[in-house]
Amino acid sequence: NYPTQVSILEVGPRDGLQNEAQTIPLQAKTDFIHALAKAGLTRIEAGSFVSPKWVPQMADSAEVFKGISRLPGVTYSALTPNDKGMQAALESGVDEVAIFAAASEAFSMRNINCSIAESLKRFETVMQMANDNGMKVRGYLSCVMGCPYEGEILPDKVAEVTKTLLDMGCYEVSLGDTIGVGTPGHTHRLFDTLLEDIDVSKLAAHFHDTYGQALANLVVALQYGVNTIDSAAGGLGGCPYAAGASGNVATEDVVYMLNGMGIETGVNLNAVLAASNAMFGHLERQATSRTYTAMLAK
Ligand code: HMG
Ligand code: MG
């Protein structure tokens, strides 16, 4: 019993680019965002308001938001780890923000330099500022299937932090397999636990494809009724604080699979391919997406 429709949240401009070592020109970023919106992607994570010392590639997020022409019906969002980031997001006219926590203490320390509990305290402030400005807040939870520093993460821990994020007012929590170690077995165990007392409509799948398991894991998530999927055009991506993490599952691969399953996304595959192709022209590496490679070869 699969959902008939899936909402894709395109994270290419943020999760996809944040780990690229070479500086990508501002124009290439805004062109990429325009091309993704034209492809029918209605939720685009366009940047993040984090410390430029920690993630230099995202240092121009304010310029990115100023530089884009917005298509009606498209939500342009950004990550905001604290009040400083939230203030910058408000000044940049961001439509929606996301706070990001982890299910692993070690990862929380490496990624945002504080414990899980401390991060949740900071997010209260972000949430308050968002509420005052009538802005929706998404939650991310990292390391839901494993941590690069702690190894196995128990589904109970994932459930606990997910519930806290929802109780704080996040409209949805995106479950991050940050380093792409999960398998369909992990995915079953995770959703069996989460759905004991969380409504599936509040959950999104954010899977990285390090071990080539992301699509298989997504099929399992779809079977549980998950209907929001995060992906990055071309399979861009990787987290700077997750050693060995490769890209997000590719938007092309997700759309190709969902098309074949008769699940509607509203996304035009050829147009996503064109968006990826233009961006990879600025990078010194090839796209990892199998669908991208296959379609380009035709
Ligand atoms: P900190 O050093 O503990 O913060 O960093 P601080 O409050 O002590 O401030 C230190 C300096 O940073 C100060 O500047 C602040 O002004 C500045 P200085 O006085 O040294 O010049 N600062 C900021 N500057 C700009 N924007 C801000 C900001 N806040 C402080 N918002 C902090 C704490 C959270 C800021 C830092 O650890 C950080 O930026 N981390 C980045 C984490 C990140 O972006 N990771 C990647 C995204 S998460 C991810 O990819 C996972 C996800 O995809 C899901 C998944 O796959 O699992 C979402
Ligand atoms: Mg990610």
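No experiment lies behind these values; they were computed from the predicted model shown.

> I'm lost on the pairing of strand 7 (residues 203–207) in this one. Help?
Working note: regular strand, side chains alternate between the two faces of the sheet. Counting buried residues along strand 7, 5 of its 5 residues qualify, which places the element largely inside the surrounding structure. On strand 7, burial covers both faces: Leu203, Ala205 and Phe207 on one face and Ala204 and His206 on the other are all buried. Bridging between strand 6 (residues 173–177) and strand 7 involves 5 bridges; their strand directions are parallel. Note on strand 7: the bridge partner recorded for aspartate 177 is phenylalanine 207. Where the polypeptide runs from strand 7 across helix 9 (residues 214–223) and back to strand 8 (residues 228–231), its parallel neighbour, the crossover connection is right-handed.

> Looking at this model, I keep getting lost on the site of ligand 1. Mind explaining?
Not every one of the 25 residues close to ligand 1 is listed here, only the nearest: Val50, Gly85, Ser142, Gly176 and Thr178. Elements that contribute at least two residues to the shell around ligand 1 include exactly helix 4 (83–91), helix 5 (105–112) and strand 5 (136–142). Looking at side-chain class alone, the shell around ligand 1 contains 11 nonpolar, 12 polar and 2 charged residues.

> Sorry, what's going on with the nonpolar core here?
Nonpolar side chains tend to gather and get buried jointly when the protein is soluble and globular. Formed by 89 residues in total, the largest nonpolar core has its most connected members in Leu36, Ala101, Leu141, Val144, Val158 and Leu218. Here this core gets 6 residues from one element, more than from any other, and that element is strand 4 (residues 96–102). Filtering out sequence-adjacent residues up to four positions away, valine 158 remains in contact with Ala103, Leu141, Val144, Ile153, Leu190 and Leu194.

> Sorry, what's going on with the packing of helix 6 (residues 116–132) against helix 7 (residues 155–168) here?
Angle between the axes and distance between the axes are the two parameters that describe a pair of packed helices. It is the contact of helix 6 with helix 7, at a shortest axis distance of 11 Å, that shows an interaxial angle of 20°. The angle between the axes of helix 6 and helix 7 places the two elements in the roughly parallel class. In the crossing of helix 6 with helix 7, the sense of the turn from one axis to the other is right-handed. Here helix 6 contributes Ile116, Leu120, Phe123, Glu124 and Met127 to the contact with helix 7, which in turn contributes Val161, Thr164 and Met168. The class makeup of the residues in the contact of helix 6 with helix 7 is 6 nonpolar, 1 polar and 1 charged.

> Just to check I follow, could you spell out the environment of glycine 73 for this structure?
The topology assignment puts glycine 73 in the loop between helix 3 (61–67) and strand 3 (75–79). Judged by the 7 C-beta atoms lying within 10 Å of it, glycine 73 is exposed. Put simply, glycine 73 and arginine 43 are 30 residues apart on the chain and 8.9 Å apart in space, counted from C-alpha to C-alpha.

> I tried to follow the sheet that holds strand 6 on my own but got confused; where do I start?
Strand order in the closed barrel formed by 8 strands is 1-2-3-4-5-6-7-8, with parallel pairing between adjacent strands. Taken pair by pair, the neighbouring strands of this sheet meet at an average axis angle of 25°, ignoring direction. Judged from the 2 bridges that link them, strand 7 and strand 8 form a sheet pairing that is parallel. Residue pairing in the sheet places histidine 206 in a bridge with aspartate 230 of strand 8.

> Explanation requested: unusual backbone geometry in the structure shown.
Glycine aside, residues mostly have negative phi angles, and peptide bonds mostly take the trans form. Positive phi, normally seen in glycine, also occurs at asparagine 113, with a value near 65°. Counting through the fold element by element, asparagine 113 comes out in the loop between helix 5 and helix 6. When the 13 C-beta atoms within 10 Å are taken as the criterion, asparagine 113 is described as partly exposed. Even without being a glycine, cysteine 143 presents a positive backbone phi close to 65°. In this structure, cysteine 143 sits in the loop between strand 5 and helix 7.

> Would you mind going over the pairing of strand 5 with me for this structure?
Of all 7 residues in strand 5, 6 are buried, a share of seventy percent or more. Taken together, the 7 bridges between strand 4 and strand 5 define a ladder with parallel strand orientation. Among the inter-strand pairings, valine 97 is bridged to a residue of strand 5, identified as valine 137. Sheet analysis places strand 5 next to strand 6, joined by 3 bridges and oriented parallel. When the bridges of strand 6 are listed, leucine 141 appears paired with leucine 175. As for the winding sense of the linkage, the β-α-β connection from strand 5 through helix 7 to strand 6 is right-handed.

Scoring rules and cut-offs
- Residues numbered from 1 in each chain as written.
- Chains lettered and ligands numbered in written order.
- Predicted model: local features only at pLDDT ≥ 70, side-chain atom pairs only at ≥ 80, totals over all residues.
- Buried ≥ 20, exposed ≤ 12 C-beta atoms within 10 Å, placed from the backbone.
- Helix = DSSP H or I, 4+ residues; strand = E, 2+ residues; numbered from the N terminus.
- Pairing = 2+ DSSP bridges.
- Right-handed = clockwise from strand over helix to strand, strands pointing away.
- Near = placed C-beta within 6 Å.
- Nonpolar A, V, L, I, M, F, W, Y, C, P; charged D, E, K, R; others polar.
- Core = buried A, V, L, I, M, F, W, Y, C linked by C-beta atoms within 7 Å.
- Contact = placed C-beta atoms within 7 Å.
- Axes fitted to C-alpha atoms, helices over the stretch in contact; angles between N-to-C directions.
- Parallel < 35°, antiparallel > 145°, perpendicular 65-115°, else oblique.
- Left-handed = near helix turned anticlockwise from the far one by under 90°.

Function cannot be inferred from these measures alone, as they are strictly geometric.
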